[in-house]
Amino acid sequence: MNAFLGVDLSLTGRRWIGPTAEADRLAEAMVQETRLPLPLARILVARGVPPEDAASFLEPTLRELLPDPRQMKDMETAAARFLRALREGEKIAVFADYDVDGGSSAALLLTWLRHFGRQATLYIPDRIDEGYGPNVPAMQALAREHSLIVCVDCGTLSHEPIAAAKPADVVILDHHLGGETLPDCVACVNPNRQDESGDLGHLCAASVVFLMLVEANRQLRAEGTKGPDLMALLDLVALATVADVAPLVGVNRALVRQGLKVMARRERPGLRALADVARMDKAPSAYSLGFLLGPRVNAGGRIGAADLGARLLATTDETEAQMLAERLDQLNTERREIENRVRDAALAQAEERGLDAPLVWAAGEGWHPGVVGIVAARLKEATNRPAVVIGLEGGIGKGSARSVSGVDLGASVQRVAAEGLLLKGGGHKMAAGLTVAEDRIDAAMARLSELLERQGAGTGGPRDLRLDGLLLPGAATPALIDEIDKAGPFGQGAPAPRFAFPAMEIRSPRQIGETHLRFTFSDGMGARIDAVSFGAFDGPLGPALSNPGSARFHLAGRLEINTWGGRTKVQLRLEDAARAE
């Protein structure tokens, strides 16, 4: 395949890949049939949407896309047991994972119960002292005081801790890949159980919890009782879906689209306070969930008190919400500092080992286990390969892994654990966690690399930058961006479209802070667009574009609306550039 615009080696060392001739032909045909703008038609073609489905794709609805909860095994049983505890006044405990998905899942249950004047005990394990998922001492302690324990975003592989919870009943609402056998519990609702079809395998745990509440409301309705308004809970589901990097396809698109509308109403005290401390000055988007709110909710579980995020999402108290949001914002700043140190060390180690293998990995003594997942994500993004980052302490390594599209990481990690090279490990397609003895890391990573290579990991060029087509400044209008946004929300599995602007003049470049760059560009025909490149001076973009001379550049990035001082303008978020020969 020829490089797009002839860019075989951009300023950041990447080759540009554009639409194929066949994709262009299909996009032109879609324009003729649907009268949609060509850039939007190109996006739909890239998503595999035929012209006859374009209208429904652009307006996804839960009425059409929400699955019947009973499609999942044990769902009716789980909802019935939950309702029995509600009716009979039983003490309920919610055992949740310490990330955004776990916190959102817990908040969904606590909020739903509050409608009936009921409370539940929230238990979130400490990442360092207890690790991921249920553990025997915690489950035994909860079982002494509660007759029902609901495990959310965890529990599917926790056979011994679940057994230790007797005589309490345990209901599991999870989405992590299941093993050959399930724990001995009342119900295990999980679209990634071995005996499920996998049709709903893209759901995060909060979506599974939401569907259980849909089923609970249905059972209540059959008895003549009205349940809580579930649509008002979709802000939590949207946050979890984006932050847990669930693919934005199928029902996930509808859940996030509707959840963003709910969030825009600013009715949940915790999210309102968090948006304010994060200085969110625009309507919420998938970007703001993934990069502004999500990291702050996660910060408590990473380096602070594990339950801060869930408490923030569940609280109805304005003062508590403000206090928790400020604390999480502070922890997020501390997390960034720790992350930067580990990231630099991990990247240097990975580069020394080589970045061309199917798996990129690094391990270091004393690396904080709360940031290894984020650093693994950074390595994955930099290399276009699955990545594992492991923190070592006392001869034991605790690691997190992140994958690329099309490579099922969780299944491979689980297999390496089953073969005895890991002490434990599991996850889902895009992310996994593992524990490994220090003297077995090399063997475990070699075996994991071998399994991932069989799935095609390492075949994609880390230098490839995929583009959705060409645009000229005069065509990049707010109206076009509004049209393009209809194909969203954008995120995992549905990347925001990226366009190239050919042979542009760079005007008025200026450095912002230590690392960022702003400038204006034009094709010389009158229209101009503002551009921003974050971190430009950490790499080659800043030095090259801040002193362009008379040279013209091809520019590549994502379009967005920038509102400042009451004015709305189109802005390019620059990702790459190349000299126009």
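Everything discussed here concerns the structure shown above.
These remarks concern the structure in this document. Owing to the predicted nature of the structure, the values given are computational and were not obtained by experimental measurement.

## Describing the overall build of the chain
When helices and strands are tallied, the chain shows 20 helices and 17 strands. Whereas a compact globule of 581 residues would reach a radius of gyration of roughly 25 Å, the chain reaches 24 Å, a difference of no more than 12%. By its C-alpha atoms, the chain is 75 × 60 × 45 Å across when sized along the principal axes. Within the chain, buried positions represent 54% of all 581 residues.

## Brief notes about the side chain of Asn 217
Topologically, Asn 217 is positioned in helix H9 (residues 205–222). Contacts of Asn 217, omitting those with residues within four sequence positions, involve Trp 112, Gly 227, Pro 228 and Leu 230.

## Some details on empty space enclosed by the protein
Rolling a probe over the atoms, with the probe sized like a water molecule, indicates the empty space that remains. Counted according to the given criterion, the structure contains 1 cavity of 30 Å³ or more. The computed volume of the largest cavity comes to approximately 50 Å³. Lining the largest cavity we find Asp 97, Tyr 98, Asp 99, Gly 103, Ile 124, Val 297, Ala 306, Gly 309 and Ala 310. The class makeup of the residues in the lining of the largest cavity is 5 nonpolar, 2 polar and 2 charged.

## Observations regarding the pattern of salt bridges
A full pass over the atoms with the stated rule returns 36 salt bridges. For Arg 498, the salt bridge is made with Glu 575, and the minimal N-O distance between the two is 3.1 Å. On the criterion of sequence distance, the pair formed by Arg 498 in the loop between helix H19 (478–485) and strand S13 (499–512) and Glu 575 in strand S17 (residues 567–579) is long-range, its members being 77 residues apart. Residue Arg 498 is classed as buried on the basis of its relative accessible area of 12%. For Glu 575, a relative accessible area of 22% corresponds to the partly exposed category. Between Arg 573 and Glu 560 there is a salt bridge, with the nearest N and O atoms lying 3.1 Å from each other. In this pair, Arg 573 sits in strand S17 while Glu 560 sits in strand S16 (residues 552–564), placing the two residues 13 residues apart along the sequence. The exposure class of Glu 560 is buried, given its relative accessible area of 16%. Several salt bridges converge on common partners, so that one network encompasses Asp 68, Arg 70, Glu 76, Glu 215 and Arg 218.

## Some words on helix H10 (residues 234–243)
Residue pairs three or four apart in sequence face the same way in an α-helix, which turns once every 3.6 residues. Within H10, 9 of the 10 residues are buried, which leaves it mostly tucked inside the rest of the structure. The complete set of buried residues in H10 reads Leu 234, Asp 235, Leu 236, Val 237, Ala 238, Leu 239, Ala 240, Thr 241 and Val 242. Just downstream of H10 lies Val 245, where phi reads positive at about 60°.

## A closer look at the sheet that holds strand S15 (residues 528–533)
The mixed closed barrel is built from 5 strands, whose spatial order is S13-S14-S15-S17-S16. In this sheet, adjacent strand axes meet at a mean angle of 45° when their direction is disregarded. In the sheet, S13 pairs with S16 via 5 bridges, with the strands oriented antiparallel. When the sheet's bridge partners are listed, Phe 499 is paired in S16 with Gly 557. Across the sheet, H19 touches S13, S16 and S17, and the angle it forms with S16 is around 85°.

## Some remarks on the pairing of S16
Across 12 bridges, S16 lies against S17 in antiparallel orientation. The residue bridging Arg 558 from the neighbouring strand is Arg 573, located in S17. The antiparallel hairpin formed by S16 and S17 contains 2 residues in its connecting segment, where Gly 565 sits at a positive phi of about 60°.

## Regarding the packing of helix H5 (residues 75–87) against H9
Running from amino to carboxyl end, H5 crosses H9 at an angle of 70°, the nearest separation of the two axes being 9 Å. In terms of their interaxial angle, H5 and H9 are classed as roughly perpendicular. The hand of the H5/H9 crossing is right-handed. Seen from H5, the contacting residues are Met 75, Glu 76, Ala 78, Ala 79, Ala 80, Phe 82 and Leu 83; seen from H9, they are Val 208, Leu 211, Met 212, Leu 213, Glu 215, Ala 216, Gln 219 and Leu 220. Tallied by class, residues from the contact of H5 with H9 come to 12 nonpolar, 1 polar and 2 charged.

## Concerning the packing of H9 against H10
Contact pair H9 / H10: the axes reach a minimum separation of 8 Å and the direction vectors enclose 150°. In terms of orientation, H9 lies roughly antiparallel with respect to H10. Of H10, the residues touching H9 (which contributes Ala 206, Ser 207 and Phe 210) are Leu 234, Val 237, Ala 240 and Thr 241. In terms of residue class, the contact of H9 with H10 is built from 5 nonpolar, 2 polar and no charged.

## Quick look at the sheet that holds strand S5 (residues 169–173)
Pairing between the strands of a sheet is mediated by backbone hydrogen bonds and can be parallel or antiparallel. Reading across the sheet, the 5 strands line up as S3-S2-S4-S5-S6 and stay open at both edges, with parallel pairing between neighbours. Strands at the two margins of the open sheet, each flanked by one partner only, are strand S3 (121–123) and strand S6 (187–189). This sheet shows a mean twist of 15° between the axes of neighbouring strands, independent of strand direction. Sheet topology note: the S5/S6 ladder contains 3 bridges and is parallel. The residue of S6 that forms the bridge with Ile 172 is Cys 188.

## Remarks on the pairing of strand S2 (residues 92–96)
In terms of burial, S2 is largely enclosed, as 5 of its 5 residues are buried. Note that S2 and strand S4 (residues 148–152) share 5 bridges and pair parallel. Pairing of Phe 95 across the sheet is with Cys 151, part of S4. Across 3 bridges, the pairing between S2 and S3 is parallel. Counterpart to Val 94 in the pairing with S3 is Leu 122. For the crossover from S2 across helix H6 (residues 100–114) to S3, the handedness is right-handed.

What counts, and at which threshold
- Residues numbered from 1 in each chain as written.
- Predicted model: local features only at pLDDT ≥ 70, side-chain atom pairs only at ≥ 80, totals over all residues.
- Heavy atoms only, no water.
- Helix = DSSP H or I, 4+ residues; strand = E, 2+ residues; numbered from the N terminus.
- Rg over C-alpha atoms; globule rule 2.2 N^0.38 Å.
- Buried < 20%, exposed > 50% of the residue type's maximum accessible area, 1.4 Å probe, protein only.
- Contact = heavy atoms within 4.5 Å.
- 1 Å grid on protein atoms, 1.4 Å probe; cavity = no way out; pocket = protein on both sides within 12 Å on 5 of 7 lines; lining within 4 Å.
- Points joined across faces, edges and corners; volume = space filled by probe spheres on them.
- Nonpolar A, V, L, I, M, F, W, Y, C, P; charged D, E, K, R; others polar.
- Salt bridge = Lys/Arg side-chain N within 4 Å of Asp/Glu carboxyl O.
- Pairing = 2+ DSSP bridges.
- Axes fitted to C-alpha atoms, helices over the stretch in contact; angles between N-to-C directions.
- Parallel < 35°, antiparallel > 145°, perpendicular 65-115°, else oblique.
- Left-handed = near helix turned anticlockwise from the far one by under 90°.
- Right-handed = clockwise from strand over helix to strand, strands pointing away.

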